[in-house]
There are 2 protein chains.
Amino acid sequence: MNAITLRLDSQAKEPLYEQIYQYIKSEITIGRYPYNTKLPSKRQLSAYLQCSQNTVQAAYDQLTAEGYIISKPKSGFYVCRLVGIISIKKESFVPQKQTDSKLKCKYDFSHQGVDLYSFPFPTWRRINKNVISEYDTDLLKTGDPQGDINLRYSIADYLHHSRGVNCSPDQIIISSGTEFLFLLLIQIFERDKIYAVENPGYEKLNLIFKSNGAEFRSIALDEYGMIPEELFKSNADIACVTPSHQFPTGVIMPINRRLQFLNWANEKAGRYIIEDDYDSEFKYSGRPIPCMQGIDGGEKVIYIGAFSKSLTPAVRISYMVLPEPLINIYKEKLSFYICPVPVMDQKVLCQFINEGHFERHLNRMRNIYKGKREALVTAIRSLLPFAQIFGANAGLHLILKVNNGMSEEELITSARKNGIRVYGISQYYFDNAPANRQPLLLLGFAALKLSEITEAVGLLKEAWG
Amino acid sequence: MNAITLRLDSQAKEPLYEQIYQYIKSEITIGRYPYNTKLPSKRQLSAYLQCSQNTVQAAYDQLTAEGYIISKPKSGFYVCRLVGIISIKKESFVPQKQTDSKLKCKYDFSHQGVDLYSFPFPTWRRINKNVISEYDTDLLKTGDPQGDINLRYSIADYLHHSRGVNCSPDQIIISSGTEFLFLLLIQIFERDKIYAVENPGYEKLNLIFKSNGAEFRSIALDEYGMIPEELFKSNADIACVTPSHQFPTGVIMPINRRLQFLNWANEKAGRYIIEDDYDSEFKYSGRPIPCMQGIDGGEKVIYIGAFSKSLTPAVRISYMVLPEPLINIYKEKLSFYICPVPVMDQKVLCQFINEGHFERHLNRMRNIYKGKREALVTAIRSLLPFAQIFGANAGLHLILKVNNGMSEEELITSARKNGIRVYGISQYYFDNAPANRQPLLLLGFAALKLSEITEAVGLLKEAWG
């Protein structure tokens, strides 16, 4: 074989055995040590490199385990045929941060996003460390299709105590984002079902229904949410609503209207309500109104929730509670879908809830968001006297009606020129927005710092005032 | 207010401030300290509890942050109204291990699963610790819909060097499991497309197509994979194949047949091939055959891969490479779907690949699985002389033809009675399996220990011999 040109560096970051391993691997891979080359014995190589025989042994073990060399008894180590060995060369490539055109503006009133400075990273890190365990073979297996049973127990507890949802863990399906839950629901229901969606409403719903060939009707809202009479005459079977905090208008559906919807659903077999409780954790005043699932007892309501607002949208964990007959259909037809949330992430979240960190985090965030909302309302009242605030004292966004003669588009553009991004409500209308509508803007405040809010509203005043 | 009955325990696991916090929180929650109750001053309470004022301060800060109490300047701390505060009481519930009826048998030749003793947990734990950082705001935002750009670069590198796939990171979509990729593909293609699936084949494909209302034809196989003539006369537009290691039969499609399929796809606009390369990392002998995507240059082939076999099925990361025209359709119609893989998990995997651990792990596992396959083949040849092995020297399973006069069902049942679970190939036929077919079994060996294999085959000999 060729001379060994390696010099060990005891100051290097890599341990000595790793340096030997890397050197020999590379010589084999580039063909300098061809098939069946005999390597020097451990004694020879350790003497030559002036290291211990154990160091050489560790390098040879590694090379053997990965299939580069083979030990022949009473003879020594030989280079293998490199059949099937995988070698990933790195292209020269500079790691990138996600590019984000939003960065170019100074302040962004996006409704997506959470507070960027209050996530309990040390706790999350500690729990991750606990969970990644060589003794837990669950981490090497496909998990339960409905999601980790312990996490489902924790979610059932949480929903029961904080939202009044009645369910057993067996009715819960854990998935990755609200969209994937809707993909499952479309498959659970017969293909001839018609869905009713709030107009304006969650902008992705119509895209999901369209791209899956599901029929839907958009139903107008009044000051209490979806208008029952419009639903009743729509021919729809399944009503998708956000009663806790309508998206985007921010209204809370009163109890008597909730009952009207539940009555409608009970009048006919096959009718259901999908209750999306997307940011219900954050309500800053007034008595809580029970969720529709809790009023109904879970016969006619599919309850949907997520950890996107309450923890971080990067965690991608959502869930739904299905009524008994629908969970049976799911089990029969759809349990072949593997739960898309990694088993490890489910265990981390479960421990996070069970150790009480989720409750604490929610209450802390509730106070922080309450403070941000108050600062925003105060700044708007003092700096934008020509604007009115709509939406309940809840959630992570509010609605602004600006009465200065500008159109929605003009408001957005002039704010943008002054470094502020605001969002018109028009994009949330599924058909065209009513022509005579006054301009309404959606202002999210979760991701802004408390200290930035007054300045951001000041810049809006300059743009619009 | 009521007397404070708390006694601090300096030996307890919880720090002192936490004990004060928990005590007062509980008194408030159960109503013993009603709204507007004034708490003792920090000086008073610290004197009474014999701890430092800083300890009381820390407890009061925590209670304030979570909205239980409020500080009134120059007056003191008062109990807040508990509007919206969330309290999760734990139901009495014993944590459960996933129940698994498979545990009841002694050895399980399931094709699902990986080696349970070789996952690099310490490395995975270290990288997780690195990635969970308070300075990385990506962890608090919705990520790129196609998946983390750095991970897509790493996957493109890997595919290029180890599989000969030609693609840019921009053509890659990261998702959670092969099923979700198929859900996207069904939405990318027009609804009138007809899919061709291998028969026998991946058992979930027909379920996915059926439950999404997509039309499909099942196409018979011969000893080289899907029969081209059967595909040609089927009227299908999109052929779903596993050329590297057909599932379940284990055959490798030869190059000339791959070219036949590519020619078929090129003959007509709208025709595509979906190449599922599910366990291509593991090939133990012979020269590698280039993947169809690489032969074609990426015009007509959608390439699908996953980390389920190469790392662990619990990690839930899969990907596909789309030809240019299809990625454009995706961007226009479907990029509203948020990538279902948590941002953190994507970053961990990216670092795992970039630091060279993935390459090492693959080569190590390849050697381990090669050893297990050899042990299984040896045991079968010596103990089951009436059985024949089919399937290429690759992957994590092989096919056994048992010529002892028993039917497939009898083979499975008698093995089961002797503590062994084996799987018949019939369940992978989409229509009824051909009536005159000889019994074929699918034997997965990845999750068995090397030392168990001979004994497991011995038990099969007792059952069948």
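Residues numbered from 1 in each chain as written. Chains lettered and ligands numbered in written order. Predicted model: local features only at pLDDT ≥ 70, side-chain atom pairs only at ≥ 80, totals over all residues. Heavy atoms only, no water.

Participant: I would appreciate a short explanation of the relation of the copies chain A and chain B in the present structure.
Facilitator: The operation linking the two copies of the chain is a rotation about an axis combined with a translation along the axis. Taken as rigid bodies, chain A and chain B are interconverted by a rotation of 180° and an axial shift of 0.0 Å, the fit giving an RMSD of 0.1 Å. Taken together, the rotation and translation describe the operation of a two-fold axis. A symmetric contact is evident, with 100% of the interface residues of chain A recurring at the interface of chain B. (Least-squares fit on C-alpha atoms with pLDDT ≥ 70 in both. Contact = heavy atoms within 4.5 Å.)

Participant: Please explain the interface of chain A and chain B as it appears in this structure.
Facilitator: When the parts of a complex come together, some accessible area is lost, and that lost area is often used as the size of the interface. Contact with chain A, which involves 97 residues of that partner, is made by 97 residues of chain B. Looking at the side of chain A facing chain B, the largest losses of area belong to Ile86, Leu140 and Arg360 of chain A, adding up to 9% of the total buried there. Here chain A is connected to chain B by six salt bridges. For the salt bridge of Glu134 of chain A with Arg125 of chain B, the shortest nitrogen-to-oxygen distance reads 2.8 Å. Counting every contact that joins chain A to chain B gives 34 residue pairs in polar contact (both at pLDDT 80 or more). When residues of the side of chain A that touches chain B are traced back to their parent elements, those giving at least two are helix H1 (16-29), helix H3 (53-65), helix H4 (121-131), helix H5 (149-163), helix H6 (178-188), helix H7 (203-211), helix H12 (343-354) and helix H13 (357-383) of chain A. Residue contributions to the side of chain A that touches chain B peak at nine residues, all from H5 of chain A. Per-class residue counts for the side of chain A that touches chain B are 41 nonpolar, 28 polar and 28 charged. (Buried area = accessible area lost by both parts, 1.4 Å probe. Salt bridge = Lys/Arg side-chain N within 4 Å of Asp/Glu carboxyl O. Polar contact = N/O pair within 3.5 Å; in protein donor to acceptor, adjacent residues only side chain to side chain. Helix = DSSP H or I, 4+ residues; strand = E, 2+ residues; numbered from the N terminus. Nonpolar A, V, L, I, M, F, W, Y, C, P; charged D, E, K, R; others polar.)

Participant: Explain the nonpolar core here, please?
Facilitator: Across soluble globular proteins, nonpolar side chains show a tendency to be buried alongside one another. Counting residues in each nonpolar core, the largest one holds 148 residues, and the members touching the most others are Trp124, Phe307 and Trp464 of chain A together with Trp124, Phe307 and Trp464 of chain B. Counting residues in each nonpolar core, the second largest holds 64 residues, with Tyr195 and Phe430 of chain A together with Leu183 and Leu205 of chain B among its members. (Core = buried A, V, L, I, M, F, W, Y, C linked by side-chain atoms within 4.5 Å. Buried < 20%, exposed > 50% of the residue type's maximum accessible area, 1.4 Å probe, protein only.)

Participant: Whenever I open this one, the sheet that holds strand S16 (residues 440-444) of chain B confuses me. Can you help?
Facilitator: The strands that make up a sheet pair up through hydrogen bonds in the backbone, lying either parallel or antiparallel. All names here are of chain B. Pairing in this open sheet of four strands is antiparallel, and the strands run S12-S13-S16-S15 from one edge to the other. The open sheet terminates on both sides in strands that have one partner only, identified here as strand S12 (387-390) and strand S15 (423-424). Sheet topology places S12 next to strand S13 (residues 397-402); four bridges connect them, and they run antiparallel. Within S13, the residue paired with Phe390 across the bridge is Ile399. Helix H13 (residues 357-383) contacts S12, S13 and S16 of the sheet and is inclined by roughly 10° relative to S13. (Pairing = 2+ DSSP bridges. Axes fitted to C-alpha atoms, helices over the stretch in contact; angles between N-to-C directions.)

Participant: When you look at the packing of aromatic side chains in this model, what are you seeing that I'm missing?
Facilitator: Within a pair of aromatic rings, the relevant descriptors are the distance that separates the centres and the angle that separates the planes. Counted under the stated rule, the structure contains 37 aromatic pairs over all chains. Members of the aromatic cluster, joined through ring pairs, are Phe182, Phe189, Tyr195, Phe209, Phe216, Tyr272 and Phe430 of chain A. Taking the ring centre of Tyr272 of chain A as reference, the NZ or CZ of Lys300 of chain A above it sits at 5.0 Å. Positioned over the ring face of Tyr35 of chain B is Arg81 of chain B, at 4.0 Å from the centre of the ring. (Phe/Tyr/Trp six-rings, centres within 6.5 Å; stacked < 30°, edge-to-face > 60°. Lys NZ or Arg CZ within 6 Å of the ring centre and 35° of its normal.)

Participant: Quick question: what am I supposed to make of helix H14 (residues 408-417) of chain A here?
Facilitator: In an α-helix, one turn spans 3.6 residues; hence positions three or four apart end up facing the same way. All names here are of chain A. Those residues of H14 that fall on the buried side of the exposure criterion are Glu408, Leu411, Ser414 and Ala415. All buried residues of H14 lie within an arc of 140° about the axis, which places them on one face of the element. Exposed side chains of H14 directed beyond 90 degrees from the buried face belong to Glu409 and Lys417. Where the residues of H14 are buried, they touch strand S13 (397-402), strand S14 (420-421), strand S15 (423-424), strand S16 (440-444) and helix H15 (450-464). (Arc of directions from axis to C-beta.)

Participant: Explain the pattern of salt bridges here, please?
Facilitator: Residue and element names in this part refer to chain A. Evaluation of the coordinates by the stated rule reveals 34 salt bridges over all chains. Two residues, Asp170 and Lys331, come together in a salt bridge whose shortest N-O distance is 3.0 Å. A residue pair is termed long-range when its members are at least 10 positions apart, and Asp170 in the loop between H5 and strand S4 (172-175) and Lys331 in helix H11 (residues 324-333) qualify at 161 residues. Exposure remark for Asp170: the relative accessible area of 33% places this residue in the partly exposed category.

Participant: Help me out: how do you make sense of the pairing of strand S1 (residues 69-72) of chain A in this one?
Facilitator: Both faces of the sheet carry side chains from a regular strand, because those side chains alternate between them. As defined by bridge partners, S1 of chain A adjoins strand S2 (residues 76-79) of chain A across four bridges and the pair is classed as antiparallel. Residue pairing in the sheet places Lys72 of chain A in a bridge with Gly76 of chain A of S2 of chain A.

Participant: Looking at this structure, I do not really get the environment of Ala65 of chain A. What am I missing?
Facilitator: Among the structural elements, Ala65 of chain A can be located in helix H3. By relative accessible area, Ala65 of chain A is classed as partly exposed at 25%. Contact partners of Ala65 of chain A, with chain neighbours within four places excluded, come to Asn363, Arg364 and Asn367 of chain B.

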